[in-house]
Amino acid sequence: MHILVTAGPTREPIDPVRFLTNRSSGKMGYELAAAFAHAGHTVLLVSGPTALDVPDRVDFLPVETAAEMHAAVANHLERMDIAVFAAAVADYTPSTVAPEKVKKSADTLTLELVKTPDILGSARTPFGFAGTLVGFAAETENLEANAREKLTRKRCDLIVANDVSKPGIGFDSDQNEILLVYPDHSEALPQASKHDLAHQLVQAILELYTAQKK
Ligand code: CTP
């Protein structure tokens, strides 16, 4: 099968030497891409900048900004059977990029930010994706309720939710603990390495795909 995975943070430029980004390491998305490839599938990994090696037998499309990730996904989504959006896409980007380095002058500096395109939220409409759609939700409170709201709003088949306020898991860690939120039930996957969780997740996503085909 053909599987698209988005991963990593995005980088939103302020000027030629500065950007806004977030603490995503990309580990969960890269482990997922590797696990799908290991299971024999054709994987396209669309990734923001990370320090990770591209997994073996995975096609790689590097991007920097949310707008570039949006364009890359728009180009490739149609031929995919499954799409997993694990990227931590910046929600806002500077409204203008200064062509030259911004010099220090006043005591305060105000940046105007504008919303980035919601890539996962575009998958069904306008992209027209009809395959199995999996999103992620990084939350600091009301994990299940917030994830369930995203499941409905972004028309996903599954949301992989994790509580990023818990010490030792999530952002930048090798460990994670996730809650799988389906339209009619939820299932907790207890703390484990991102490597092990990725293999469990791939099984769950492939089962979901098979159930939808019946
Ligand atoms: N996502 C995306 N494009 C964006 C923002 C988010 O594709 N511009 C995807 C992420 O890859 C993830 C899911 O949407 O799969 C949830 O992202 P999150 O930032 O938690 O959702 P938001 O809709 O931005 O909600 P919140 O108000 O909690 O930030």
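Here is what the cut-offs are and how they apply
- Residues numbered from 1 in each chain as written.
- Predicted model: local features only at pLDDT ≥ 70, side-chain atom pairs only at ≥ 80, totals over all residues.
- Heavy atoms only, no water.
- Phe/Tyr/Trp six-rings, centres within 6.5 Å; stacked < 30°, edge-to-face > 60°.
- Helix = DSSP H or I, 4+ residues; strand = E, 2+ residues; numbered from the N terminus.
- Buried < 20%, exposed > 50% of the residue type's maximum accessible area, 1.4 Å probe, protein only.
- Near = heavy atom within 4 Å.
- Polar contact = N/O pair within 3.5 Å; in protein donor to acceptor, adjacent residues only side chain to side chain.
- Areas by Shrake-Rupley, 256 points an atom, 1.4 Å probe, with all protein chains shown as cover.
- Nonpolar A, V, L, I, M, F, W, Y, C, P; charged D, E, K, R; others polar.
- Pairing = 2+ DSSP bridges.
- Right-handed = clockwise from strand over helix to strand, strands pointing away.
- Salt bridge = Lys/Arg side-chain N within 4 Å of Asp/Glu carboxyl O.

### Focus on the packing of aromatic side chains
Point 1. Evaluated as defined, the whole model comprises 1 aromatic pair.
Point 2. Their ring planes at 65 degrees and their centres at 6.5 Å tell us that Tyr30 and Phe60 sit as a pair that is edge-to-face. One end of the pair, Tyr30, is in helix α1 (residues 27-38); the other, Phe60, is in strand β5 (residues 58-62), with 30 residues separating them in the sequence.
Point 3. For Tyr30, a relative accessible area of 5% puts it in the buried group.
Point 4. When its relative accessible area of 34% is taken as the criterion, Phe60 is described as partly exposed.

### Examining the site of the ligand
Point 1. The immediate surroundings of the ligand are formed by 14 residues, with Phe85, Ala87, Leu120, Lys150 and Lys154 found nearest.
Point 2. Between the ligand and Pro117, the relevant distance is 2.8 Å, taken from a nitrogen atom to a main-chain nitrogen or oxygen of the residue.
Point 3. Taking Leu120, its main chain carries an N or O atom lying 2.8 Å from an oxygen atom of the ligand.
Point 4. Out of a free accessible area of 570 Å², the ligand has 77% covered by protein chains.
Point 5. When contributions to the shell around the ligand are tallied by element, the ones reaching two or more residues are α3 (119-122), β9 (132-139) and α4 (143-153).
Point 6. In terms of residue class, the shell around the ligand is built from 7 nonpolar, 2 polar and 5 charged.

### Some words on the pairing of β9
Point 1. The buried fraction of β9 is high, at 7 of 8 residues.
Point 2. Note that strand β6 (residues 82-85) and β9 share 4 bridges and pair parallel. When the sheet's bridge partners are listed, Ala83 is paired in β9 with Leu133.
Point 3. Alignment of β9 against strand β10 (residues 158-163), held across 6 bridges, turns out to be parallel. Each residue of the ladder has a partner; that of Val134, found in β10, is Leu158.
Point 4. This β-α-β element, β9 to α4 to β10, shows right-handed connectivity.

### Re the pattern of salt bridges
Here the idea is simple: oppositely charged side chains can pair when their charged atoms come close.
Point 1. Applying the stated criterion to the full structure yields 9 salt bridges.
Point 2. Glu64 serves as the salt-bridge partner of Arg11, at 3.9 Å between the closest nitrogen and oxygen. Pair noted here: Arg11 is in the loop between β1 (2-7) and β2 (12-15) and Glu64 is in the loop between β5 and α2 (66-76), with a separation of 53 residues, a long-range link.
Point 3. For Lys154, the salt bridge identified is with Asp118, shortest N-O distance 3.1 Å. Of this pair, Lys154 sits in the loop between α4 and β10 while Asp118 sits in the loop between β8 (113-115) and α3, and the two are 36 residues apart along the sequence.

No statement about biological role is implied by the geometric values presented.
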